[in-house]
Structure formats: structure tokens, C-alpha cells
Amino acid sequence: MRYFVDFRSVLFLFLLVIFCNSSGIARQEKEQPNILFIAVDDLNNHEGTYGQTYVKTPNIDRLALEGIQFNKAYNQYPLCSPSRSSLLTGHTPDVTKVYELKTHFRETLPNVITLPQLFKNSGYFTARVGKIYHYGVPSQIGTNGLDDSISWDIRINPKGRDKAEESAVINLTPDRPLGSALSYFNAQGTDEEQTDGLIATEAIKLLMQSKSKRKPFFLAVGFFRPHTPYVAPKKYFDLYPLQTVPLPKQLPNDLDDIPEDALFTKSAHWGLSEEKQREALRAYYASISFMDAQLGRVLNALDELDLTKNTIIVFWSDHGYNVGHHGQWMKQSLFETSARVPLIFRVPRISGGKRSDRTVELLDIYPTLAELADIPAPKDLEGESLVPLLHNPKARWSKAAYTQVKRPNGVVGRSVRTERWRYTEWDAGKAGAELYDHETDANEFYNLTDDPAYEKIKRELIIALKKRFPPGE
């Protein structure tokens, strides 16, 4: 009888252990956070939450109020494919060897584990809607572009009315193709007929389907606007009467102390009159507000589906965008307006409405999401987790941010940004250098590199620059 009782006790304990373990696994799966990974194409920091009250972005502003906004976030290369390849692999452009729009990072890093691939390998359902890896815009809208198939369980490539009506686009710089021109279209019809509207619709469908899935999701939503051509329905153009559009401040002889290779646009404003500049800027802002409305649809769906409480959101742009600063337009420069990007995290159980002035990089997104999801990340990632700053935006942080670019003549520009200073060298300084004090010169009008009074800080920044870009590399 005693043996029988002991056997029953052992059996009971055995079943109890199995039950507890299985419950723990189920609980762990349930608590694993979802990831909503939102990319925007060519968005600068003119949103309301970044202090530009003219541009209407209520949904980005709302996300910032609920999350942690990084005021000094920077891309690694101010061009779509190099920047996205860097962020998604966790490696700098000098490691990916992607400096233009044709090379795929798998050519140089065939075995790299990308950010979404890491989550896929860790049991997540991964889906992409729209542009995450590089696409030619507008030529490759509706295709897979330079996508990475092994990163995803599902890929969706909407193509909207904007693509069908491409012939109606007005090109203010007709010598340039639409994807790199100041071009726009004041469209008819509804939001949902445009590509970004369809992207929001498809993202919402995936969110609805996720309710029936047992897996956590990594949903990547890539909006195309405000990438040129700047296309948006008419109501968004109506938000910005042409005569009210402000042009950036400019100084006479502004370019006298700037190295020639620092200028992407060799002819100031591509020769456009102030009226035409306002026309282009109005369209850019209209497409931002249109994209913002689509973002709002996705955020609303997340709330309505009761997914917000267990979903980490990261909102980012692949690079900044010049809109007339120093006579420059678009990207591919190392000025603040091109190197800086919007970056916002919203994390369950981390209080929002906070801002950090620490210098961070798009490279830091990969290790941050891995840590937040408690997934072991590749050990060779070159970014640094932002989790300490999510909990305390003013935490001690000594990391600088680095951006680089390569000119058609082969000259390479490399820039280091600290919380106060930006220092840039062209061809390792042989083609010129720039030093700007952002405490007194946010517009980078005054190049201090030849001023003896700043020699000490310049030497310190040269040392910092060499940490990322050692001589001879």
C-alpha cells in the first residue's frame, strides 16, 4: 500500500511539472511582444512634434506623446538603399558595401541575419507591406524591389492610383527623372486609392488576422510618401496655401566656407524661383500629411483590435531631407537636415511622452528591438541598444553618431555628430572639412574648421571620427 501511495505521489508531481512547464511556455508565448515596424521614405524632421508647427502631422505627434522621441537620431548614409541595408543588417555601409541603389547586401553578406529574419527565426510571424528594403520610386512600386525574401513569411506590394496616373505628374526639374526630381501631383480620389492608402489597408488586414494566430508578429509597414513624386489627394494640398509656405532661412555668401563636395545640388535650388520652391515644398508637406493620415489608420486599428498593450512600435525614416537649406534639395548631403531623422519608440509598460537629446543612430534599432523582445542578437551588431534611454532618456550616454556619403567623383565624406558638434571631412580632409556648433548655429551657417579658437574641439572630433572610420579604410 505504501508503494502504491508513493507511486501516485510521483505521478502527480510528474504531471504537475508538465502542466507548469506547458503553462509557462504558453504564458511566455502570450507575453512575447508584437513588433510594429513603421518605415517612412524621405521624411525629415519637420513634423509638429519636432517643433515645426507649420506641418500638420497629428498622428506622428500622437505617437510621440505616447512614446519616447529621439531628437538627435541619425542615419548612416543619406540614401535609401545604403541606409536601409545598414539598419536591417545591423552593419555600417563600409561593412555592407552598399553605397548606391543597385547592390544587394546579400552579395557581400550572404549569411547575415537581418532584423526581421532574426524574429522569424525566433518564432515570429513576419510580414512586409510596402517599402522596407529598397525600391526604386516610383518605378518599382508594386514589385518586390530589392527585397530580401528570407526575411518574411509574407510580402505584399500594393500599387495604387498614383502609379496609374504617373503621366500626370508635374516635374519642376525636367532634366531629372521622377524619382530624383522636384515633382508632384495634386490627386483626385480617396486616400485608399493611393499606394500608401492601400498599404495601410493591407496592414490593418494583417493586424486583424493576427488575432487568430498563436504567433507574435513582426509587421513591417513601409510608406512611400513623402518620397518624390510628391503625390497626395487634393485635401492635403489645401492644408498649405501656396503663399503661406515658409522657405528656410538663407544667408548671403552662405556657400563661401563650404567645401565643393559638400554640395549635392551644384546649382542652388536647381535654378528654381522662390515661387517654384514653394510649389515643391507645399507638395512635399502635403504628402507628409497624407502619409500621416495613413499612419493614423494603422494606429487606430491597433487600438481597436486591443493589440496596443502588447505591441512595440518603432517609427523611423531612412534619412532626412533638404528643402532648400544651403540651396540644397533632397538627401545625399552631410548637413544636419539630411543626416538627421525622426525616430520614435512606443513600448508597453514604459511610460511615454518623453524625449531624449542623446545622439543615436538607425543602427541602434536592431539591438534595441532584440533586447526588448528578449531575443539573442548576433554578436557582431555595430549599433547599441537604446533600452537604457527608453527607461531614462537622460541616462549617461557617450556614443556619437556617424554618417557618410560618396560622391560620383569618388570623394568620400564622413561626419561625426555629438550632442553639440558636427564635424565632417571630405576625402579625409584633403577636399575640405566642416565644423559646426549646434548650440549657437543650428542651421550650420558658420564653418569653424579654420578658426584657431576651436582647434581643441576639432582635434577631439577627429579622434571620434577615426573610431568609426580608421585611417586607410
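Worth saying up front: this structure is predicted, and the values here are computed from it rather than measured.

Asker: Teacher, can you tell me more about the packing of aromatic side chains here?
Answerer: Where two aromatic rings form a pair, the distance of their centres and the angle of their planes describe that pair. A full pass over the atoms with the stated rule returns 22 aromatic pairs. On the numbers, 5.1 Å between centres and 45° between planes, the contact of phenylalanine 119 with phenylalanine 218 is tilted. One end of the pair, phenylalanine 119, is in helix 5 (residues 115-121); the other, phenylalanine 218, is in strand 7 (residues 217-223), with 99 residues separating them in the sequence. By the burial criterion, phenylalanine 119 is buried, and phenylalanine 218 matches it. Pairing tyrosine 230 with tyrosine 284 gives two aromatic rings, centres 5.5 Å apart and planes at 70°, and the pair type is edge-to-face. Of this pair, tyrosine 230 sits in strand 8 (residues 230-233) while tyrosine 284 sits in helix 9 (residues 274-304), and the two are 54 residues apart along the sequence. Residue tyrosine 230 shares its accessibility class with tyrosine 284, and that shared class is buried.

Asker: What's the story with helix 13 (residues 455-468) in this structure? I'm lost.
Answerer: Given 3.6 residues to a turn, an α-helix orients residues that are three or four positions apart in the same direction. Given a rise of 1.5 Å per residue, 14 residues ought to cover 20 Å, and the 21 Å separating the end C-alpha atoms of helix 13 matches this to within 8%. Taken together, the buried positions of helix 13 are occupied by Ile457, Lys458, Leu461, Ala464, Leu465 and Arg468. Along the axis of helix 13, the buried positions cluster into a sector of 120°, meaning they face one direction only. Of the residues in helix 13, the exposed ones pointing more than 90 degrees away from the buried face are Lys456, Ile463 and Lys467. In this fold, the buried residues of helix 13 make contact with strand 13 (354-361), strand 14 (401-406), strand 15 (412-417), strand 16 (421-426) and strand 17 (433-437).

Asker: Explain the sheet that holds strand 2 (residues 68-74) here, please?
Answerer: The pairing of strands in a sheet comes from backbone hydrogen bonds and takes either a parallel or an antiparallel form. What the eight strands build is an open sheet, ordered 4-3-7-1-9-12-2-13; its pairing is mixed. Strands at the two margins of the open sheet, each flanked by one partner only, are strand 4 (154-156) and strand 13. For this sheet, the mean inter-axis angle between neighbouring strands, taken without regard to orientation, is 15°. Where strand 3 (residues 125-130) and strand 7 come together, six bridges link them in parallel fashion. Note that in strand 7 the partner of phenylalanine 125 across the bridge is phenylalanine 217. Of the strands in this sheet, strand 3, strand 4 and strand 7 touch helix 7 (residues 195-210), which is tilted by about 170° from strand 7.

Asker: Sorry if this is basic, but what is going on with the pattern of salt bridges here?
Answerer: Pairing between side chains becomes possible if they bear opposite charge and their charged atoms approach one another. Inspection of the entire model under this criterion finds 31 salt bridges. We note a salt bridge from lysine 399 to aspartate 364, for which the minimum N-O separation is 3.2 Å. Here lysine 399 is found in the loop between helix 12 (387-391) and strand 14, whereas its partner aspartate 364 is found in the loop between strand 13 and helix 11 (365-372), with 35 residues between them in sequence. The pair lysine 399 / aspartate 364 is uniform in exposure class, with both members buried. In this structure, a network of salt bridges that share partners links the residues Asp41, Arg84, Lys131 and Asp318.

Conventions we followed
- Residue positions within a chain follow its written sequence, with the count starting from 1.
- For a predicted model such as this one, the threshold for reporting local features is a pLDDT of at least 70, and the threshold for listing and counting side-chain atom pairs is 80 or more; totals across whole chains, interfaces and linings nevertheless cover every residue.
- Water and hydrogen atoms were dropped before computing side-chain values, which therefore reflect all heavy atoms in the structure.
- By convention, a stacked pair of Phe, Tyr or Trp rings (six-membered ring in the case of Trp) has centres within 6.5 Å and planes under 30 degrees apart, an edge-to-face pair has planes over 60 apart, and any other such pair is tilted.
- Helix and strand definitions here come from DSSP, where helices need a minimum of 4 consecutive H or I residues and strands a minimum of 2 consecutive E residues; each element is numbered from the N-terminal end.
- Type-normalised accessible area, obtained with a 1.4 Å probe on protein chains alone, sets the label of each residue: buried when under 20%, exposed when over 50%, and partly exposed for intermediate values.
- Any helix carries an expected span of 1.5 Å times its number of residues minus one.
- Of all possible arcs, the one meant is that of the directions from the helix axis to the C-beta atoms.
- Between two residues, a contact is recorded if the distance between any of their heavy atoms is within 4.5 Å.
- Two strands pair under a simple rule: DSSP has to find at least two bridges between them.
- Here, axes are lines fitted to C-alpha atoms. For helices the fit covers the stretch in contact, and angles between N-to-C directions go from 0 to 180 degrees.
- The term salt bridge refers to a side-chain nitrogen of Lys or Arg lying within 4 Å of a carboxyl oxygen of Asp or Glu.

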